[in-house]
Amino acid sequence: MKFDHELIQEIKSRADIVDVISSYINVIKKGRRYVAICPFHDDHDPSMNIDPEKQTFTCYVCHHSGDVFTFVSDYEKIPFMDAVKKVCEIINFDDPRLHQNEIKRPINTDLQVLYNCINELQKFYRYGLETEEGNIALDYLSRRKISNEQIDKFGFGYALNDGKKAISYLQQKGFSLKNIEDIGIALAKTSGTSDSNAGRLIIPIFNTNGQVVAFSARRLVDDDSPKYVNSPETKIFRKGSTLYNYNIAKQTARHDGFIYIVEGFMDVLAFDSIGISSCIALMGTKLTDTHVDLLRKLNVEIRLCLDGDNAGQQAMMSLMTMFDKANLSYRLVSKVGEAKDPDEILKNSGSDELKLYVNSLVDPFDFALNYYKNISPLDNIDDRKKVVSHFAPMLLSIKSKFDFDDCLYKLAEATRFNPNAIREYVKSIKTNSDNNKTDDFVDYFDSNRAYDKKTLNKELRRLTLAEKTVLEQMMNNKDAISFYERNIKYFINEIYRQIANYLIQFADESDTVNPSIIMDYISSFEPENKKELLNEIVSLDTTPIEKDKLDEVLNECRNIIIEERNKTFEKKNLLKSLEGKSDQEKAKLLKDYINKTNTNDAK
Ligand SMILES: [Zn+2]
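Cut-off values and rules
- Residues numbered from 1 in each chain as written.
- Predicted model: local features only at pLDDT ≥ 70, side-chain atom pairs only at ≥ 80, totals over all residues.
- Heavy atoms only, no water.
- Core = buried A, V, L, I, M, F, W, Y, C linked by side-chain atoms within 4.5 Å.
- Buried < 20%, exposed > 50% of the residue type's maximum accessible area, 1.4 Å probe, protein only.
- Helix = DSSP H or I, 4+ residues; strand = E, 2+ residues; numbered from the N terminus.
- Domains from an automatic or database assignment.
- Contact = heavy atoms within 4.5 Å.
- Donors = N, O, S within 2.8 Å, 3.2 Å for Na, K, Ca; no water.
- Tetrahedral: all angles 85-135°; square planar, octahedral: opposite > 155°, others 65-115°.
- Phe/Tyr/Trp six-rings, centres within 6.5 Å; stacked < 30°, edge-to-face > 60°.
- Pairing = 2+ DSSP bridges.

**Concerning the nonpolar core**
Among the nonpolar cores identified, the biggest contains 70 residues, and Ile 11, Ile 50, Phe 71, Leu 471, Met 474 and Phe 491 are the most heavily contacted of them. Looking at which element gives the most residues to this core, the answer is helix H23 (residues 494-509), with 9 residues. For this core, the two domains that each supply at least three residues are domain 1 (5-99) and domain 5 (460-594). Those residues in contact with Phe 491 that lie beyond four places of it in its chain are Glu 467, Val 470, Leu 471, Met 474, Tyr 484, Tyr 496, Arg 497, Ala 500 and Ile 561. Phe 124, Ala 214, Ile 345 and Leu 361 belong to the second-largest nonpolar core, a separate cluster that totals 60 residues.

Put into C-alpha cells, the structure is as follows:
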C-alpha cells in the first residue's frame, strides 16, 4: 500500500483521535480538551494534551506530538502504513485500496500453517468428546456443573487415550511431524510420536484474536501424573502475552465498564454462570507488562479477585503495586469469611452467594489496610511505623480532601497513632519529594502557553519569525508554496527547510494541502527526526491570513528574509576580509560595516 492521500484523509475523517487513543490508554476529559498520562516518557501527571478539534496530540514534557496515525505508529512501534491499517481495524473501516500491493511475508505463512494445524487438532479434540470414550470427560464436566452451552462457548474437548490417533489425523490433514512438534503436543515414545495430552480433558487457550494457540489438559483419572499439563511456549503461544478468556472478555468489558481478574479457568466459568463474561484468568502466570497493556487497552475498571488464601491475598498486594505504577484504576474483591475462590463459592453456596461476593469491592487503601491487620497484630511500634510509611505514598496520591481524611483516620485507627502525627508525616514527605511539581495540569498548560505568546516576538529572531510566518501560510495554501519556490527558495532554519521541501513535493501530487495530511505524508517517509518535524508542525499557528492581506504579509517576510540572509552573508565576507589585515585597516573596515548595517536597520 502506498501513500494515497485521499484515502488517508477519508480514514482520518472517520477516526476520532480521542476514541482511538482511548483504546490504548486512559483518557480524561478536562473541559473541552482531553488529557492523558503520556506513554512516550515516564509520566506521572497527565502531560499529554489531545485536541479533538485539530485531531492532534502533544506532550508538554517530552514534546511527542502528531495525529491519530502517528500515535498508533509510535505506540505500537510499527511503520506508518501499518498504523493506518491498524486505525482502520480499530474503527472497523475497510477499503480495497488498503490491500493494494500487499506483500505476502513468508514468515506469516509459516505461522499460518501452525495456526491451521492447532485448529485442526482442536476440531479433533472436540470430536473426541462425542465418542464413547469421551464420556469420562463429559461426566467430569457435568459433575462440575458445566452446561452444554459452556462446553461449546469455551471449546472443551477430549484427547483420545490412544495418542497416536491425533498424530495420524493431523498427518492425514497434510501436516508434517515438524508442524506437530512446533505446536507443542508431540510426545516422543519408543513406539513413535504420540499426543502429550492423551486421555485428558482439553481446555483450549485462545490468543487475543480468538485463535487457538495452546491447551491446558486436565487429568481425568486418579494417578500420580500432574493434574494439569500445559502447552509449552511455541512460535504461536507466548504466556506473557496471553490471558485466558481475553478474546471473549474484551468484547463485553467495554460495555460492562469492568474486567475481573481471577486465578483459574474454573473461576472464569463460575463468573460465566452468573452472567459475567468480562473476566480473565492468570492461570498461574505472572502478570507481564504486555498483559498490563492488554488490560489498559480496555480502558475499564479492573477488579482483582484472586483466591482468599494467603498466596492469593499476597499476589493481590503485589499486583496492586504493578497497577499503581501503570496508573490503572482498580478495586479489589474483599475476602469474606473463609471464602477460597469463586468456583468453590459457586459449588458450596450457590450463585446468589457468588454474586454477592464478586460485588463486595473495596478500594486499594482499604484492602491493603485489612491485609496488614490480618497478617500482623501491630503490637510493636516498629511494625506500626512501617505500616504508616507503607501507606504514606498512597495517601499522597488521593486528590479529594474528604477521601484523604477518611483514609487518614482509618490508618490512624489501625496503627493507633494520632491522626495529626500521620498528617504531619505525610506532609513532610510531600515537601521533600516533589517540591517543584505542579498538581494542576491545567495551570501548567495555560501558564506555558502564555509564556510562549508573550516572549515570542521578543525572543525569536527576526529571520526565524519571518520564515515561520511563511511556512505557516504554506501549510494551508498552495499559492504560498509557489511564492516560496519563486521568491524565497530556501529557509535558513533547518527544520523549516525540511518541512518546506516535503510541502513542495506533496503539492506536486495533490490539489490541496493542510497540516494534518502533511504530518501523515512526512510520517510515511519515516524520517529520522520525525518527532521533531511533527512537533514543529503541531506548534505552528496555521490559521490562514485573509486573501487580500496574504500577498502583503508574504512580501514583507520575503524582504526580511533576504535582508537578514544578506547580513549573515556580509558578516561572513567581513570576517574573511579582515584576515591578514593590520589593526588600523581592521578598525576602518569594521567602522564601515557598522555604519552600513545601521543605515540598513533604520530604513
Ligand atoms: Zn511525553
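Don't stop here, the text continues.
**Focus on the coordination of the zinc ion**
Distances from the zinc ion to its protein donors, namely Cys 38 (SG), His 41 (ND1), Cys 59 (SG) and Cys 62 (SG), fall within the range 2.0 to 2.3 Å. One can describe the site at the zinc ion as tetrahedral: its 4 donor atoms subtend angles covering 104 to 115 degrees at the metal. As a motif over one chain, the donors of the zinc ion read C-x2-H-x17-C-x2-C. Within this pair, whereas Cys 38 is found in the loop between strand E2 (33-36) and strand E3 (48-51), its partner Cys 62 is found in the loop between strand E4 (56-59) and strand E5 (65-66), the two being separated by 24 residues in sequence. The same class applies to Cys 38 and to Cys 62, which are both buried.

**Quick look at the packing of aromatic side chains**
Throughout the structure, instances matching the rule amount to 25 aromatic pairs. Centroid distance Tyr 24 to Phe 71: 5.9 Å. Interplanar angle 55 degrees. Geometry classified as tilted. Remark: Phe 71 occurs in helix H3 (residues 68-76) and Tyr 24 occurs in the loop between helix H2 (17-22) and strand E1 (27-30); sequence separation between them is 47 residues. Tyr 24 gets classed as buried once you look at its relative accessible area, which sits at 1%.

**Things to note about helix H10 (residues 246-256)**
Turning to H10, its buried residues number three or more, namely Tyr 246, Asn 247, Ile 248, Ala 249 and Ala 253. Among the structural elements, helix H7 (148-154), strand E9 (201-206), strand E12 (258-262), strand E13 (279-281) and helix H12 (289-298) are those in contact with the buried residues of H10. Gly 257 sits one or two positions beyond H10 and adopts a positive phi of about 85 degrees.

**Let's talk about the pairing of E9**
For E9, the buried fraction is high: 6 of the 6 residues fall into the buried class. Along E9, one buried face is formed by Leu 201, Ile 203 and Ile 205 and the opposite face, lined by Ile 202, Pro 204 and Phe 206, is buried too. Strand direction decides the pairing type here: strand E6 (residues 157-158) and E9, joined by 2 bridges, are antiparallel. What sits directly across from Tyr 158, in E9, is Leu 201. Once E9 ends, the chain turns through 5 residues before running back antiparallel as strand E10 (residues 212-218), passing Gly 210 with a positive phi of about 85 degrees.

**A few points about the sheet that holds E5**
Read across the sheet, 5 strands follow the order E1-E2-E3-E4-E5 without closing on themselves; strand pairing throughout is antiparallel. Across the chains shown, the open sheet's two edge strands, defined by having one partner strand only, are E1 and E5. Pairing between E4 and E5: 2 bridges, direction antiparallel. Looking across to E5, one finds that Phe 57 is bridged to Gly 66.

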